[in-house]
Amino acid sequence: MKSWLYNRLFIFYTFVILLSLINHFWGQTWLDYMIGILAIPMLIVSYPGASKLFKILGTAFMFAGIFFFYSANLSIYEIPLLLTSNMTMLGFLLVLPWINSVVYVGKYDKQINQLMVKKVENLGSLYVKGTFTSYILMMFLNLSGINIAQEVLKENLNKLSKKVRDTFISKTTVRAYVLALIWSPMEIIVAITVGATGVNYLKILPYLLLVSFIALIVDVIVGKWRFKNIPFESPKETIPLPTKEIVKKLIQLFVALFLFLAFILMVSNLFNLNFIIAVTLVILPFSAIWALLIKRWYHFKILGYKLWKTQTNKMQNFVVLFISLAFFSNSLNATPALKVIQQPFMHYANSPFIIFVLILITYFLMSLIGVHPIGVIGVLVEILAPLFNIINPTSIAIVLIVSALATSSSSSYGITVTLTSINTNQNPYLITLRNLPFTFIFGFIGILIAMLIL
């Protein structure tokens, strides 16, 4: 019975999230209340399937929310209305697997991965190629790109010592992941920040690209120097590289990315929608059209449904996090406690640099005890809201995004480090130590750019 239920969670999740998306346009209070009521069993059935980290986070947010709820003297009948504000985030995650499916069926990942080992004589050169290749893959595949890149590197580095192999993989792939996602419209941190600050995505995009480019160049220069004296020999069985085919695939990917961004902005401006809703509405039709154009519709349809069903059935972590976070945030906003928490930040309102460093340190300290960046940003945007009229919100948005993803590269309990630890069979704390300098260099590059545009 239990397995039958968990194999069909995607039906329940989809129903509730679709109701929420419909009501975003319809705006009926009674339907919002009904969605809130449905959010309660949604939270209950998700809790057993969530990971330990998200159970702890969800429980902490719920207990804190209950405390603030009673402090605000709210009525118990208002609880459903306090649970729905993050449903758009779940809608965003619901459709995300479809765009990953196009990349898989188009075989972009397999073609691009061949770029890694061509004409590589030492690990320094492989570091550069491995980082850039991982960067391209992760722009489109998110966490799936980490698995693909790490598997390729493990296979090609199997003749090296485990220490060198682990160090190399945990630097190239983890860093490429965070660098690629700080500007991606498919990254949840970016979507949350744009929605919370009200900053136009097109306005913030050039600055995020600049931060990403600077940090990427610095990292590959240091990495090339660090590994240049270690020889590398490509496996003899490597298939000759079809350069023209790979160039074609790369061009297709970048054209698709440009069109994807253009459609998001067009839909957002045409219908006056917030960024998260616009991305959610664009992903599925855009992915379907892309599959049709590359003549992979049948495979896209089959794989897309399978991947979507699997990923939706595994959304328990985010359901627990976002519903409990909504309850906490809305209860907190109804009390004077928020103003007390805001005081340290408001005290330095005339010193943006200190505010930005506080944001980075807050993310980092929370990551050390296992708090997910999404949980941190959910609280930070509430705390920083009064500063949007004092400090350039574009600068705040840059620091919120860069700091969140910078710390995720060295968070021992974070999904990126955990996944790398599992894939390479190494201690997550070692991955954290190796990426700690990068975390702060990356974070301060973001702060520097943010300060320059104040």
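Residues numbered from 1 in each chain as written. Predicted model: local features only at pLDDT ≥ 70, side-chain atom pairs only at ≥ 80, totals over all residues. Heavy atoms only, no water.

**Section: the overall build of the protein chain**
To keep things clear, this is the line we draw: Only runs of H or I of at least four residues qualify as helices and only runs of E of at least two qualify as strands under DSSP, and these elements are numbered from the N terminus. With the radius of gyration taken over C-alpha atoms, the globule rule is written as 2.2 Å times the number of residues to the power 0.38. Three exposure classes are used, based on accessible area relative to the maximum for each residue type with a 1.4 Å probe and protein chains only: buried under 20%, partly exposed in between, and exposed over 50%. Residue contacts follow a heavy-atom distance rule, with two residues in contact if any of their heavy atoms lie within 4.5 Å. In these tables, accessible area is a Shrake-Rupley quantity obtained with a 1.4 Å probe, and a residue counts as shielded only by the protein chains included in the view.
The secondary structure content of the protein chain amounts to 21 helices and 0 strands. At 22 Å, the protein chain has a C-alpha radius of gyration in line with the 22 Å of a compact globule built from 454 residues. Referenced to the eigenvectors of the C-alpha coordinate spread, the extents of the protein chain come out at roughly 70 × 55 × 45 Å. Sorting the 454 residues of the protein chain into buried and exposed places 56% on the buried side. In the protein chain, once contacts between residues fewer than 6 apart in sequence are set aside, the share between residues at least 24 apart is 81%. Surface accessibility of the protein chain: about 20200 Å² in total, with carbon and sulfur atoms responsible for 68%.

**Things to note about the packing of aromatic side chains**
Put simply, the test is: Pairs were defined over the aromatic rings of Phe, Tyr and Trp, the Trp ring being its six-membered one, requiring ring centres within 6.5 Å. Orientation was assigned from the angle between planes: stacked under 30 degrees, edge-to-face over 60, tilted for the rest. Whether a charge lies above a ring is judged from NZ of Lys or CZ of Arg, which has to be within 6 Å of the ring centre and within 35 degrees of the ring normal.
Taken as a whole and judged by the stated rule, the model has 22 aromatic pairs. When the centroid spacing of 5.4 Å and the interplanar angle of 85° are considered together, the rings of F69 and Y70 count as edge-to-face. In this structure Y70 comes out as exposed when scored by relative accessible area, which is 57%. Aromatic ring contacts, followed pair by pair, group F10, W98, W297, F300, Y305 and W308 into a single cluster. Over the face of the ring belonging to F227 we find R226, whose NZ or CZ atom lies 4.7 Å from the ring centre.

**Remarks on the nonpolar core**
Note the cut-off: Put simply, buried Ala, Val, Leu, Ile, Met, Phe, Trp, Tyr and Cys residues joined by side-chain atoms within 4.5 Å make one nonpolar core.
Formed by 143 residues in total, the largest nonpolar core has its most connected members in Y201, W290, I359, L384 and F442. For this core, the element with the highest residue contribution is helix α5 (residues 87–105), accounting for 13 residues. F442 has contacts with V178, L179, I182, V211, A215, V402, L405 and A406, leaving out every residue within four places of it along the chain. Counting residues in each nonpolar core, the second largest holds 10 residues, with L126, Y127, F227 and F232 among its members.

**Some thoughts on unusual backbone geometry**
In this structure, N272 takes a positive phi of about 55° despite not being glycine. Summarising the element assignment, N272 is placed in the loop between α12 (243–270) and α13 (275–293). Among the residues examined, N272 registers a relative accessible area of 69% and is labelled exposed.

**Regarding a nonpolar patch on the surface**
We apply this condition: Only residues above 30% relative accessible area that lack a salt bridge enter a patch, with like-charged residues linked at up to 9 Å and the nonpolar side chains Val, Leu, Ile, Met, Phe, Trp and Tyr linked at up to 5 Å. Salt bridges are identified by distance alone: a Lys or Arg side-chain nitrogen within 4 Å of an Asp or Glu carboxyl oxygen.
The grouping of V247, I251, V255, F258, L259, F263, M266, L270 and F271 at the surface amounts to a nonpolar patch, some 900 Å² of accessible area in total. Mapped onto the fold, I251 is located in helix α12.

**Some details on the environment of Y108**
Mapping Y108 onto the fold places it in helix α6 (residues 108–113). Aside from chain neighbours lying at most four places away, what touches Y108 is V102, V103, K249, Q252, L253, W290 and I294.

**Focus: the confidence of the model for the protein chain**
Stated formally: The pLDDT value tells you how sure the predictor is about a given residue, anywhere from 0 up to 100.
Model confidence for the protein chain is summarised by a mean pLDDT of 86, while 94% of its residues fall at 70 or above. When pLDDT is averaged over each helix and strand of the protein chain, the minimum, 68, is found for helix α1 (residues 2–6) and the maximum, 94, for helix α3 (residues 29–46).

**Here we look at helix α16 (residues 337–347)**
Formally: Read the arc as the range of directions from the helix axis to the C-beta atoms.
Those residues of α16 that fall on the buried side of the exposure criterion are L338, Q342 and F345. Relative to the axis of α16, the buried residues are bounded by an arc of 40° and lie together on one face. Away from the buried face of α16 by more than 90 degrees, exposed residues V340 and H347 are located. Residues of α16 that are buried make contact with α15 (316–333), α17 (352–368) and α18 (373–384).

**Observations regarding the packing of helix α9 (residues 162–181) against helix α20 (residues 415–424)**
Counted only if it meets this: A fitted line through C-alpha atoms serves as each axis, taken over the contacting stretch for helices, and the angle formed by two N-to-C directions is quoted from 0 to 180°. Every angle not falling under 35 degrees, over 145, or within 65 to 115 is termed oblique; those three ranges are roughly parallel, roughly antiparallel and roughly perpendicular. Take the far helix as the reference: if the near one is turned anticlockwise from it by less than a right angle, the crossing is left-handed, and if turned clockwise, right-handed. Polar here means any residue other than Ala, Val, Leu, Ile, Met, Phe, Trp, Tyr, Cys and Pro, which are nonpolar, and Asp, Glu, Lys and Arg, which are charged; Gly is therefore polar.
Contact geometry for α9 and α20: axes closest at 11 Å, N-to-C directions at 150°. Judged by the inter-axis angle, α9 sits roughly antiparallel to α20. As α9 packs across α20, the resulting crossing turns out to be right-handed. Of the residues in α20, those touching α9 at K162, D166, I169, S170, V174 and Y177 are T416, T420 and T424. Looking at side-chain class alone, the contact of α9 with α20 contains 3 nonpolar, 4 polar and 2 charged residues.

**Focus on the environment of M87**
Structurally, M87 is set in helix α5. Residue class for M87 comes out buried when judged on its relative accessible area of 2%. Separated by 251 residues in the primary sequence, M87 and L338 have C-alpha atoms spaced 23 Å apart. Leaving out residues up to four positions away in the same chain, M87 has contacts with V16, I17, S20, I35, A39, M42 and I323.

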